[in-house]
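# Structure at a glance
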Amino acid sequence: MSERIYITGIGMISAIGNNVQESFLSLSQLKTGIGKINHLTTRYKDDFLAGEVKLSNTDLMDLVKDNSPDLNRNSYLAMLAAKEAVINSGIDTKDGLRTGVISSTTVAGMGKTELYYKELFEKNDHLNVLDTHDCGDSTERIADFIGNVDYVTTISTACSSAANAIMLGCRMIKNGLLDRAIVGGVDALSKFTLNGFNTLMILDKEWCKPFDENRKGLNLGEGGAYLVIEGETALNKRNGKPLAEIIGYANANDAYHQTASSPEGYGATLAIKQALDMSNLNPSEIDYINMHGTGTPNNDLSESIASKTIFGEKVPKFSSTKAFTGHTLAAAASIEAVISVLTLQNQLLFPNLNFTTPIKETGLIPETQLLHVPINTVLSNSFGFGGNCSSLIFKKI
Amino acid sequence: MVKAYINGIGCISPQNTIDDNWFFESITPPAGDYFNALEPSYKDYIAPNLLRRMGRAIKMGVASANLAIKQAEIESVDAIVTGTGLGCFEDSERFLLALLNNDEQFLTPTSFIQSTHNTVGSQIALIMKCHNYNFTYVHRGFSFESCLQDAMMLFNEGKENILIGGIEEHTPNFVELNRRANKFQIVPTNTPFWESTTKGIQMGEGSTFFALSKNPNNKSLACIEGVQTLYKPKTSNDILSKLNTFLSLHNLTLNDIDVTLMGFSSDSEFDNKLQEIKPIIEKESSIAYFKHLSGEFHTASSFALWLATKLIEKQALPKSITITGNSNGSIKHVLILNQYLGINYSFTLVSKI
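This report concerns the structure included in the present document.

Each value, and the rule that gives it
- Residues numbered from 1 in each chain as written.
- Chains lettered and ligands numbered in written order.
- Predicted model: local features only at pLDDT ≥ 70, side-chain atom pairs only at ≥ 80, totals over all residues.
- Heavy atoms only, no water.
- Contact = heavy atoms within 4.5 Å.
- Buried area = accessible area lost by both parts, 1.4 Å probe.
- Salt bridge = Lys/Arg side-chain N within 4 Å of Asp/Glu carboxyl O.
- Polar contact = N/O pair within 3.5 Å; in protein donor to acceptor, adjacent residues only side chain to side chain.
- Helix = DSSP H or I, 4+ residues; strand = E, 2+ residues; numbered from the N terminus.
- Buried < 20%, exposed > 50% of the residue type's maximum accessible area, 1.4 Å probe, protein only.
- Arc of directions from axis to C-beta.
- Axes fitted to C-alpha atoms, helices over the stretch in contact; angles between N-to-C directions.
- Parallel < 35°, antiparallel > 145°, perpendicular 65-115°, else oblique.
- Left-handed = near helix turned anticlockwise from the far one by under 90°.
- Nonpolar A, V, L, I, M, F, W, Y, C, P; charged D, E, K, R; others polar.
- Pairing = 2+ DSSP bridges.
- 1 Å grid on protein atoms, 1.4 Å probe; cavity = no way out; pocket = protein on both sides within 12 Å on 5 of 7 lines; lining within 4 Å.
- Points joined across faces, edges and corners; volume = space filled by probe spheres on them.
- Core = buried A, V, L, I, M, F, W, Y, C linked by side-chain atoms within 4.5 Å.

## Observations concerning the interface of chain B and chain A
Tallying the contact residues gives 61 residues for chain B and 65 residues for chain A. On the chain B side of the contact with chain A, Glu104, His131 and Tyr231 of chain B bury the most area, a combined 13% of that side's loss. At the junction of chain B and chain A, the tally comes to 8 salt bridges. Across the pair Asp131 of chain A and Lys183 of chain B runs a salt bridge, and its minimum N-O distance is 2.6 Å. The tally of links from chain B across to chain A stands at 40 residue pairs in polar contact (both at pLDDT 80 or more).

Now the structure itself:
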């Protein structure tokens, strides 16, 4: 149970780049990926901004080199990001060690289902969307794309999904059930989610402004991001090179409301506190927080209050990177885990874009400039519908 | 090795399982090529103000969770872990159709809010005011097995009481589309269910929750010794060899298994590998089946776990589920050997305490 867990590979595709290198450039040059909607077919394409991956489905198909009609945007994004992570880590899934794929998604195949659902009742042409509608589909696509995978499962806990996938991977290694795992999440943009968030009236029509007094809501994004995580034993066996260590994680439930966070951020406080306890760190030893920071009035206030409850008046340097990527739902926590690894590797803190005025109740001010500072530990938060709150702590090697 | 003790069950299925005393006295046939769950009067289990907004999957989930907790006589749990392949499909479909029919206009949030896969788990957390660990697994035929595996890990990590459940619902439209895609068949009466030579399943649905504890108590009905999933095994020999290894971890061999509950689905292609294994298993253990009573769905293994527990509790193997053998009075170990679409295989070992 005391096995240490290392991140040894990262892969990511989102609005800010089709791979980790492109993402790093966008982050360092303060270039947001959020803009006008180009690929999604919706009557709101001129009304809302979104963080779309800058590739069409045909482009994505060419990149995965598979023209199977059963693949959808969710699977393409998942396969590309997971493969990048595997190549980056240098693991060989044929070496006899037990490899798991633990993925997460909320929208799954809905992006394709919504295109054909009504005609399915009249024509037989697209009935195969039934087979790829569910959340497990993209996970099995990753497993088959990589090959020689011993274990697969999928998690869906709304916007905290990928944090829970990362956590589960760590626990399965510590419990001796796996030697290593490819963990993360994926969500392609769909009309279903865009309209869903629109009915909740939490979409900003302009660029989202996390932690700003005048924030209006979130911008949706899309993407996939995966980490290869390995137990110390497996890593040493192949003389692999770690990128960062995962030293804390926790999952708690706000149990307050189906969609809203409690005003005092009770669930968030529990998750952060338990992750800190596990890492044996004092709150003062956290160097940077990558906040959930969606830009909705409710989340950012609740998360700010939870931060003050834990850290008192000495809240560490923090930012939300969602103004770069948009809110990528199930993928958010793994995209932010990749960003956290980049922060630790490069000792670079990526800023909170679009911020001008602190929230009146808390007065917290995020970092607004690219900072080159010593960062040994990063706390990353993810909260979701259903009160799901998860926190992860990463440490520099 | 850690075990999970089952202290309470709530099972809503196409049979009268909601009545804890029911044990195959009367059997409800499928509605042609699919099964509907026999749903209780929910007002006995759920407050009316909550009930009004809930979709069917949420109602089934919350009611069966309520039954499990009551039977176990516990008030709080250290974790709530749910599994579902398609989540709250009724709400997802309602929002999707409203969106498509009205060109993305005039939508209301309720069905979108309830469409997320973790709705059942979070509704239970809300009702129980449970701030603890809350997870939802959504992986096809591994959705419920992942819950079990997580529960065993949580016990290993020191937790004491855990609520787990598998939930699945279908809608008339979903049934219709699957029928159009030729996924169903009315099982021919001239061949046994487990020797099907034709394609198609009978779809089912339901929700089964279990109150589990790390240590046995006076409510304990049976214990889960282990669970393992197997993704896309190439041959039936692969399955057998993994099964033997799995049993040896618990110091058992196939010969120690009194009843094997096999996940035959009546689809000849999906059942193929189980059909190949059956002659080997029947030399060592009685064999029973269950999807002719529950129907096939992502979390049908949660119904199988209810069944395994009942067999141990009653020490009887009813004729209506028996394929071969007779184990009445001597049921110590029950093995669930499930398959879903011939892709997701799993072993669950349940034992008498």
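## Observations concerning the environment of Thr362 of chain A
All names here are of chain A. Looking at the element boundaries, Thr362 is found in the loop between β12 (348-349) and β13 (371-372). Residues Thr362 and Gly147, 215 residues apart in the sequence, show an inter-C-alpha distance of 49 Å. Ignoring anything within four residues of it in the chain, the contact list for Thr362 reads Leu301, Ser304, Ile305 and Lys308.

## Points about helix α1 (residues 20-28) of chain A
All names here are of chain A. The complete set of buried residues in α1 reads Val20, Ser23, Ser26 and Leu27. Taken end-on, α1 shows its buried residues confined to a sector of 125°, consistent with a single buried face. Turning to α1, the residues buried within the fold contact β1 (5-14), α3 (73-89), α11 (322-325) and α12 (332-346). One side-chain oxygen of the residue at the start of α1 lies 3.2 Å from the amide nitrogen of Gln21, identifying that residue as Asn19. Directly after α1, the chain includes Leu30, whose backbone phi takes a positive value near 55°.

## Here we look at the packing of helix α2 (residues 57-64) of chain A against α3 of chain A
Residues and elements named next belong to chain A. Where α2 meets α3, the closest approach of the two axes is 10 Å, and the angle between their N-to-C directions is 40°. Classed by the angle they form, the pair α2 and α3 counts as oblique. As for how α2 packs across α3, the hand of that crossing is left-handed. Of the residues in α3, those in contact with Asn57, Leu60, Met61, Leu63 and Val64 of α2 are Arg73, Tyr76, Leu77, Met79 and Leu80. Residues belonging to the contact of α2 with α3 are distributed by class as follows: 8 nonpolar, 1 polar and 1 charged.

## Quick word on the sheet that holds strand β2 (residues 35-36) of chain A
All names here are of chain A. One open sheet holds the 3 strands; their spatial order is β2-β3-β7, and the pairing between them is mixed. The open sheet is flanked by β2 and β7 (220-221), the only strands paired with a single partner. The pairing of strand β3 (residues 49-51) with β7 spans 2 bridges and is parallel. Counted as the bridge partner of Gly51 is Gly221 from β7.

## Here's the deal with the pairing of strand β8 (residues 223-231) of chain A
Residues and elements named next belong to chain A. Summarising burial for β8: 9 of the 9 residues are buried, a large majority. Here β8 shows no split at all, with Gly223, Ala225, Leu227, Ile229 and Gly231 on one side and Gly224, Tyr226, Val228 and Glu230 on the other all buried. As defined by bridge partners, β1 adjoins β8 across 9 bridges and the pair is classed as antiparallel. Opposite Gly11, over in β8, you have Tyr226 as the bridge partner.

## A closer look at the pairing of strand β3 (residues 133-137) of chain B
Residue and element names in this part refer to chain B. Most of β3 is tucked away: 5 of the 5 residues are buried. Residues Tyr133, Phe135 and Tyr137 of β3 are buried on one face, and the alternating residues Asn134 and Thr136, pointing to the opposite face, are buried as well. By the bridge criterion, 5 bridges tie strand β2 (residues 79-83) to β3 in an arrangement that is parallel. Note on β3: the bridge partner recorded for Thr82 is Thr136.

## A look at the layout of surface pockets
One number sums up the size of the largest pocket: a volume of about 1,100 Å³. What lines the largest pocket is a set of 34 residues, among which Arg98, Asp150 and Leu177 of chain A together with Gln228 and Thr229 of chain B lie closest to the centre. Listed by contribution, the elements that provide at least two residues to the lining of the largest pocket are α5 (136-146) of chain A together with α6 (143-156), β6 (222-231) and α8 (236-249) of chain B. If you tally residues by element for the lining of the largest pocket, the top one is β6 of chain B, at 7 residues. Residue composition of the lining of the largest pocket, by class: 16 nonpolar, 10 polar and 8 charged.

## Observations concerning empty space enclosed by the protein
It is a probe the size of a water molecule, rolled over the atoms, that shows where empty space is left. In the structure shown here, the tally under the stated rule is 3 cavities of 30 Å³ or more. Approximately 280 Å³ is the volume attributed to the largest cavity. Around the largest cavity, the lining is made up of 23 residues, and of these Thr106, Val107 and Phe192 of chain A together with Ser115 and Thr116 of chain B lie nearest the centre. Put simply, the parts of the chain that give the lining of the largest cavity at least two residues each are α7 (191-199) of chain A together with α3 (89-101) and α4 (110-115) of chain B. With 3 residues, α7 of chain A is the single largest residue contributor to the lining of the largest cavity. The residue inventory of the lining of the largest cavity, partitioned by class, reads 13 nonpolar, 9 polar and 1 charged. Put simply, the second largest cavity is a space of about 110 Å³. Forming the boundary of the second largest cavity are 18 residues, of which Asp254, Ala260, Ser261, Phe383 and Cys389 of chain A lie nearest the centre. The biggest single contributor to the lining of the second largest cavity is helix α10 (residues 297-311) of chain A, with 3 residues.

## Remarks on the nonpolar core
Among the nonpolar cores identified, the biggest contains 99 residues, and Ile102 and Ile229 of chain A together with Val81, Ile164 and Leu261 of chain B are the most heavily contacted of them. Those residues in contact with Ile229 of chain A that sit more than four places away from it in its chain are Ile5, Tyr6, Ile7, Ile166, Gly169, Cys170, Ile173, Arg180, Ala181, Val183 and Ile246 of chain A.

## Focus on the pattern of salt bridges
Under the definition given, this model contains 34 salt bridges over all chains. Taking the shortest distance from any N to any O, the salt bridge between Arg98 of chain A and Asp179 of chain A comes out at 3.1 Å. Of the two residues, Arg98 of chain A is situated in the loop between α3 and β4 (99-104) and Asp179 of chain A in the loop between α6 (161-174) and β6 (180-187); the sequence distance between them amounts to 81 residues. For Asp179 of chain A, a relative accessible area of 18% translates into the label buried. Lys291 of chain B is the salt-bridge partner of Glu296 of chain B, the closest N and O atoms lying 3.0 Å from each other. Taking the relative accessible area as the measure of exposure, Glu296 of chain B reaches 4% and is therefore buried.

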